[in-house]
Amino acid sequence: MEFAFTEEQEMIRDSAESFLQDHSSSAAVRAAMETESGYDPQLWTRISTEMVWPALTIPETFGGLGLGYVELTILLEEMGRNLLCSPFYSTVCLGVNSLLVAGSDAQKQQWLPSIAEGNLTATLAYTSANHWGLDSVQCLATAEGDGFVLSGRLKYVPDGHTAGLLIIACRDEGSLNDQGISLFAVPADTEGVKRRWTPAMDQTRRQAEITLDNVYVDRSALLGTEGQSGEKLKTILQLAAIGVAAEQCGGARQSLDMTVDYTKERVQFGRTIASFQAIKHRAADMMVQVECARSAVYYAACVAQEALFCNESGNNVIACELPEAASLAKAYCSDAFFHCAAESIQLHGGVGFTWEYDPHLYFKRAKSTETFLGDSAYHREAIAQVIFADSGMEQETLS
């Protein structure tokens, strides 16, 4: 596949780079980290109304710009590079994708215009365990009257304590793995929904715990078919993994850039440390990982574009590659970001882990995103399972 940005995509990248350098500086990120919401509401308003970023992938029919996943990946890479503190990832990569993949036209019309205008934020809540597979969906949905009663506890929900709309995954009692799963669009102020912020190591991104205390929702809140949304949830999580990978790619690139800048200023033994061969080798290793990560994530973005719109203009053959492409991008970018962030601290020397310098912020983001939606080992295992399935071979035969 030959890939190059179009003139329009270059403009999106340039405008995002310029805006985020002005409004997501180190000082702005640190100020947002001090707030419980985790972001500056005024900045979010500007992102929504001036930049119109939440509307990026929403179809024009529902008030959006109708652009694709490559354009979204460009934005996410720049956001990751600047550690933007905002509910953009949770709203677009989790909330909007869930509605696009599983929602009916009526449900899209109900929620997407408000998101596109910046009046509503959203997120996805699905895991109740300390892992990320579909067997972690443990909240229960019980049919009652003309609706459902939802109960259980959800963990690690990005921006779950501030989102206005919750996409919640529940399962039928007694069901296992990808069977019996249903998705619901639930307003956050619904009676019985309890939310609390759960402070984590990475202060640039908030997570929350949500308790569903016998929450009654009307049948109109059901996305898709009752008990048959397991495959749709898989697709949503694969699209979300590509979004995380894009942010990780940007974070890795910034870790490299600020490290090179520092080594070109730091003088030791009468010369800048960037002139030492050992430093050059380590910087070159970081650059190789960043470039390979970019290749993986933009290939996955092209596949995601086809998968998200496979029922309209997408290529179904390419769309079928989504599981492998998403896992490849997430696995590689997780390793690349963690390596670059760790090397950045080492090459900054004694000041690398101090509060005043930024490398520790990227290291914490690298560690938190490494585990979110599955670490590299989890995704390599997912790729292996796809290969075994395609070849018709039993995994035990090769182990």
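An unreviewed UniProt entry lists the chain under the name Acyl-CoA dehydrogenase, with Endozoicomonas montiporae given as the organism. For the record of the chain, the UniProt heading Cofactor (unreviewed entry) holds the text "FAD". According to the UniProt record, the Sequence similarities (unreviewed entry) comment for the chain is "Belongs to the acyl-CoA dehydrogenase family."

A. A look at the packing of aromatic side chains. For the coordinates displayed, the defined rule picks out 9 aromatic pairs. Ring centres of tryptophan 132 and tyrosine 156 lie 5.7 Å apart, and the angle between their planes is 45°; on these two criteria the pair is classed as tilted. Of the two residues, tryptophan 132 sits in the loop between strand E1 (122-125) and strand E2 (140-144) while tyrosine 156 sits in strand E3 (residues 147-158), which places them 24 residues apart along the sequence. Considering the side-chain rings of tryptophan 132 and phenylalanine 372, the 5.2 Å spacing of their centres and the 80° angle between planes classify their relative orientation as edge-to-face. Of this pair, tryptophan 132 sits in the loop between E1 and E2 while phenylalanine 372 sits in the loop between helix H11 (359-371) and helix H12 (376-391), and the two are 240 residues apart along the sequence. According to the relative accessible area criterion, tryptophan 132 is buried, its value standing at 13%. Members of the aromatic cluster, connected to one another through ring pairs, are Tyr89, Tyr126, Trp132, Tyr156 and Phe372. We note arginine 30 situated over the ring of tryptophan 355; from NZ or CZ to the ring centre the distance is 5.4 Å. Its end group placed over the ring of phenylalanine 338, lysine 367 keeps NZ or CZ at 5.1 Å from the ring centre.

B. Main features of helix H3 (residues 41-51). Regarding H3, the residues found buried are Leu43, Trp44, Ile47 and Ser48. Seen end-on, H3 carries its buried residues on one side only, within an arc spanning 135°. Residues of H3 that are exposed and point over 90 degrees away from its buried face: Pro41, Gln42 and Thr49. On its buried face, H3 is in contact with helix H1 (7-23), helix H5 (88-102) and helix H6 (105-116). One or two steps after H3, the chain reaches valine 52, where phi turns positive at roughly 60°.

C. Summary view of the nonpolar core. In terms of nonpolar packing, the biggest core is built from 81 residues, with Trp53, Phe88, Tyr89, Tyr126, Leu233 and Leu373 touching the most fellow members. At 11 residues, helix H7 (residues 230-265) tops the list of elements feeding residues into this core. Not counting residues within four places of it along the chain, the set of residues in contact with leucine 373 comprises Tyr89, Tyr126, Trp132, Leu237, Ala240, Ala241, Val244, Tyr378 and His379. Membership of the second largest hydrophobic core comes to 21 residues, among which are Cys139, Leu166, Val193 and Val215.

D. Up close: the domain arrangement of the chain. When the domains of the chain are assigned, the result is domain 1 (7-120), domain 2 (124-223) and domain 3 (229-391). Here domain 1 and domain 2 have C-alpha centroids that lie 23 Å from each other. Taken together, the 25 residues of domain 1 in the interface contact 20 residues of domain 2. Together domain 1 and domain 2 conceal approximately 1700 Å² of surface at their shared face, both sides included; 64% is due to carbon and sulfur atoms. On inspection of domain 1 and its partner domain 2, the count reaches 0 salt bridges.

E. Local environment of the side chain of serine 86. Mapped onto the elements of the fold, serine 86 is located in the loop between helix H4 (69-81) and H5. A relative accessible area of 10% means that serine 86 is categorised as buried. One polar contact links the side chain of serine 86 to the main-chain amide nitrogen of phenylalanine 88, over a distance of 3.1 Å. In contact with serine 86, not counting residues within four places along its chain, are Tyr39, Trp44 and Asp159.

Reading the values: rules and limits
Residues numbered from 1 in each chain as written. Predicted model: local features only at pLDDT ≥ 70, side-chain atom pairs only at ≥ 80, totals over all residues. Heavy atoms only, no water. UniProt positions renumbered as here; feature names shortened; annotations may be inferred. Phe/Tyr/Trp six-rings, centres within 6.5 Å; stacked < 30°, edge-to-face > 60°. Helix = DSSP H or I, 4+ residues; strand = E, 2+ residues; numbered from the N terminus. Buried < 20%, exposed > 50% of the residue type's maximum accessible area, 1.4 Å probe, protein only. Lys NZ or Arg CZ within 6 Å of the ring centre and 35° of its normal. Arc of directions from axis to C-beta. Contact = heavy atoms within 4.5 Å. Core = buried A, V, L, I, M, F, W, Y, C linked by side-chain atoms within 4.5 Å. Domains from an automatic or database assignment. Buried area = accessible area lost by both parts, 1.4 Å probe. Salt bridge = Lys/Arg side-chain N within 4 Å of Asp/Glu carboxyl O. Polar contact = N/O pair within 3.5 Å; in protein donor to acceptor, adjacent residues only side chain to side chain.

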